[in-house]
Amino acid sequence: KNTVRSVRPDILVLLGVCTHLGCSPTYRPEPGAIDAQWPGGFYCSCHGSKFDLAGRVYKNMPAPTNLMIPPHYYKDAQTLVIGASEPGA
């Protein structure tokens, strides 16, 4: 439904923890950086899990689920609040 999985399409807030064994995936936006078919995204080099630029895990990877999106909201145009849902929501 939300192809970017974010509140704002220009900013993505994710927990940088692989859902396989808790490693730290690296941001690899360059197409072809991991292999010839790599479109860009997040890569966990410990066990090979791959996530797209929205943090969704690719099929047949060690990681069982997408990277988690923590509760967050934008207090105003310049202030991101992580760890809480928007007041009054």
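Now for a description of the structure that goes with this document. (Residues numbered from 1 in each chain as written. Predicted model: local features only at pLDDT ≥ 70, side-chain atom pairs only at ≥ 80, totals over all residues. Heavy atoms only, no water.)

Moving on to the overall build of the protein chain. When helices and strands are counted, the protein chain shows zero helices and five strands. When the helices and strands of the protein chain are read in sequence order from the N terminus, they spell out β-β-β-β-β. The principal-axis extents of the C-alpha atoms in the protein chain amount to approximately 45 × 25 × 20 Å. Put simply, the protein chain has 89 residues, and 31% of those count as buried. Excluding contacts between residues fewer than 6 apart, the proportion of contacts in the protein chain whose partners are at least 24 apart in sequence is 37%. On the protein chain, roughly 5800 Å² of surface is accessible, and the fraction owed to carbon and sulfur atoms is 56%. If you average the places of the 8 positive and of the 6 negative side-chain charges in the protein chain, the two averages end up 7 Å apart. (Helix = DSSP H or I, 4+ residues; strand = E, 2+ residues; numbered from the N terminus. Buried < 20%, exposed > 50% of the residue type's maximum accessible area, 1.4 Å probe, protein only. Contact = heavy atoms within 4.5 Å. Areas by Shrake-Rupley, 256 points an atom, 1.4 Å probe, with all protein chains shown as cover. Lys, Arg positive; Asp, Glu negative; His and termini not counted. Charge placed at Lys NZ, Arg CZ, Asp CG, Glu CD.)

A word on the pattern of salt bridges. Working definition: two side chains of opposite charge can pair if their charged atoms are close together. Tallied over the entire structure, the rule returns four salt bridges. Two residues, Asp10 and Arg8, come together in a salt bridge whose shortest N-O distance is 2.8 Å. With relative accessibility at 24%, the residue Arg8 sits in the partly exposed group. Between Glu30 and Arg28 there is a salt bridge; the shortest N-O distance is 3.4 Å. Judged by its relative accessible area of 38%, Glu30 is partly exposed. (Salt bridge = Lys/Arg side-chain N within 4 Å of Asp/Glu carboxyl O.)

With respect to the helices and strands, the residue Pro25 is situated in the segment before strand E1 (26-28). Owing to a relative accessible area of 15%, Pro25 belongs among the buried residues under this scheme. Considered as a pair, Pro25 and Phe42 are 17 residues apart in the sequence and their alpha carbons are 5.7 Å apart. Residues in contact with Pro25, not counting those within four places in the same chain, are Gly16, Val17, Cys18, Phe42, Tyr43, Cys44, Phe51 and Leu67.

Right, let's talk about the sheet that holds strand E2 (residues 41-44) for a bit. Ordered by their spatial adjacency, three strands build an open sheet running E1-E2-E3, and the pairing between neighbours is antiparallel. Each end of this open sheet is capped by a strand with a single partner; those strands are E1 and strand E3 (49-51). Sheet twist, expressed as the average angle between the axes of neighbouring strands with direction ignored, equals 30 degrees. Pairing of E2 with E3 involves three bridges; the strand directions are antiparallel. Along E3, the bridge assignment pairs Cys44 with Ser49. (Pairing = 2+ DSSP bridges. Axes fitted to C-alpha atoms, helices over the stretch in contact; angles between N-to-C directions.)

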